[in-house]
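# Observations on chain architecture
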Amino acid sequence: MTPSLAVQVPTLPDLTTRITALFNRDPAHPARIEIVKREQNGYGSTFATEIVSLVRDGRQEKLFLKYENGRQERSDGHRRGIAHEVAVYEQVLEPLRMNAPKLYGGCADDSGPNSWIALEYIDGGIQLQEAWEPEAMPAAAAWIGKFHARAQRLLGANELPFLPRYDSQYVLRWPQAISRYDQECRFPWLREVFARLTAFVHLLCTDRTVIHGEYYPVNVVFHEGSTYPVDWQSAAAAAGEIDLAILTSGKWNAAIVAECEQAYCAARWPGGVPKSFPRTLAVARLYWLTRLIGEDPERLHLPAYERCLHEIRAADASLKSLE
């Protein structure tokens, strides 16, 4: 047992108590738990995380554990913490029976600091952008399309009041933050882009479903042809096209993006794609790209975000052509 972890995690006795409590829900049949190994998560995370190997009633299992430890990152309506993520697993993913890591439990403290979550560890899984299989990205697009179709029905039936709703004020706060920062109007063409986004922002605030909210490839685990989205702390009610825009932004070539769009549409709307889809997707791309910069407007002048500006222009040109 060598927990040489560079992150703040519970002591072994504390962890043993927590995990034992997860499985000892039937007093008549108490589980026997032995923790045999603790490893630091190889991927970066906002919160302290670790991979725990244990033996439960003679069976070997691996859990992925995440601890808030007072590190809350509630950023203008997104990244709402571990308690929010637990609620998504319990009230959305489990009822929909979507392919996702199993939730074992945890402590969903609404105030945040003491929240933690225990999930199934997908042994052998890798982040989506590391997958060499050509079907990996379209599979992720199909997964989220199917999820949006099912979640829209669930949202209509249950309302899910714990989810934040994207409205025009939320979507437009990001271009407004950029405009306030760029007082010298170094990028005057952005004013026209923001005006167009304002004119069509309603497309992201109607016909809502449940969205992941940060459906980056780094938040998707791919293993043996299956997709396992993780890190649901930004889940919200909004237009599903936002998740597709997030997935396909960045380095992907046009052919992969087109495959993803086709896979998404086939999974979400097997009976036919709505005519509004291309326009809503273009608006979703503008929202996402302005949010990436608007979270920290100084990024506007960083070379690393030049690609973002090019993508904003391309998305705006697409939207303009659809007017």
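Just so it is clear, the structure is predicted and the values come from calculations on it, not from any experiment.

### Looking at the overall build of the chain
Scanning the chain from terminus to terminus reveals 9 helices and 10 strands. On C-alpha atoms alone, the chain measures out to a radius of gyration of 21 Å, which is about the 20 Å that the 2.2 N^0.38 rule sets for 323 residues. Residue pairs in contact within the chain that sit at least 24 positions apart in sequence constitute 71% of those at least 6 positions apart. Element-wise, carbon and sulfur atoms account for 49% of the exposed surface of the chain, whose accessible area totals about 15000 Å². For the chain, the distance from the average site of its 35 positive side-chain charges to the average site of its 40 negative ones is 3 Å.

### Focus: the pattern of salt bridges
Summed over all chains, the structure comprises 16 salt bridges. Measuring nitrogen to oxygen at the nearest pair gives 2.9 Å for the salt bridge that ties Arg-38 to Glu-50. Residue Arg-38 is found in strand β1 (residues 33-40), and its partner Glu-50 is found in strand β2 (residues 48-56); the two are separated by 12 residues along the sequence. Residues Arg-38 and Glu-50 agree in their burial class; the two are buried. The structure contains a network of salt bridges with shared partners spanning Glu-192, Arg-196, Asp-316 and Lys-320.

### What about helix α5 (residues 189-200)?
A rise of 1.5 Å per residue sets the reference length of α5, with its 12 residues, at 16 Å; its end C-alpha atoms lie 18 Å apart and thus fit the reference within 8%. The set of residues buried in α5 consists of Leu-190, Val-193, Phe-194, Arg-196, Leu-197 and Phe-200. Across the axial projection of α5, the buried residues extend over an arc of 160°, all falling on one side.

### Some thoughts on the layout of surface pockets
The calculated volume of the second largest pocket comes to roughly 240 Å³. Along the wall of the second largest pocket there are 13 residues; nearest its centre are Val-257, Arg-285, Glu-311, Ala-314 and Ala-315. Of all the elements in the fold, those that place two or more residues in the lining of the second largest pocket are α8 (277-294) and α9 (306-321). Looking at the lining of the second largest pocket element by element, the count peaks at 5 residues for α8. Residue classes in the lining of the second largest pocket are distributed as 8 nonpolar, 3 polar and 2 charged.

### Re unusual backbone geometry
In the Ramachandran plot, Glu-159 falls in the positive-phi region, its phi being about 70° despite a non-glycine side chain. Judged by its relative accessible area of 55%, Glu-159 falls in the exposed class.

### Here's the deal with the side chain of Asp-316
The topology assignment puts Asp-316 in helix α9. In this structure, Asp-316 is in contact with Val-193, Arg-196 and Leu-286, ignoring residues within four places of it in sequence.

### Let's talk about the environment of Asn-24
Tracing the backbone shows Asn-24 in the loop between α1 (12-23) and β1. In contact with Asn-24, other than residues within four places in its own chain, are Pro-30 and Ala-31.

### Considering α9
When the terminal C-alpha atoms of α9 are compared, their 23 Å separation across 16 residues agrees well with the 22 Å that a helix rising 1.5 Å per residue should span. Within the sequence span of α9, burial applies to Cys-308, Leu-309, Ile-312, Ala-315, Asp-316 and Leu-319. Along the long axis of α9, the arc covered by the buried residues comes to 125°, so they all point the same way. Relative to its buried face, α9 has exposed residues pointing more than 90 degrees away, namely His-310 and Ser-321. Buried positions along α9 lie against α5 and α8.

Definitions and limits used
Residues numbered from 1 in each chain as written. Predicted model: local features only at pLDDT ≥ 70, side-chain atom pairs only at ≥ 80, totals over all residues. Heavy atoms only, no water. Helix = DSSP H or I, 4+ residues; strand = E, 2+ residues; numbered from the N terminus. Rg over C-alpha atoms; globule rule 2.2 N^0.38 Å. Contact = heavy atoms within 4.5 Å. Areas by Shrake-Rupley, 256 points an atom, 1.4 Å probe, with all protein chains shown as cover. Lys, Arg positive; Asp, Glu negative; His and termini not counted. Charge placed at Lys NZ, Arg CZ, Asp CG, Glu CD. Salt bridge = Lys/Arg side-chain N within 4 Å of Asp/Glu carboxyl O. Buried < 20%, exposed > 50% of the residue type's maximum accessible area, 1.4 Å probe, protein only. Expected span 1.5 Å × (residues − 1). Arc of directions from axis to C-beta. 1 Å grid on protein atoms, 1.4 Å probe; cavity = no way out; pocket = protein on both sides within 12 Å on 5 of 7 lines; lining within 4 Å. Points joined across faces, edges and corners; volume = space filled by probe spheres on them. Nonpolar A, V, L, I, M, F, W, Y, C, P; charged D, E, K, R; others polar.

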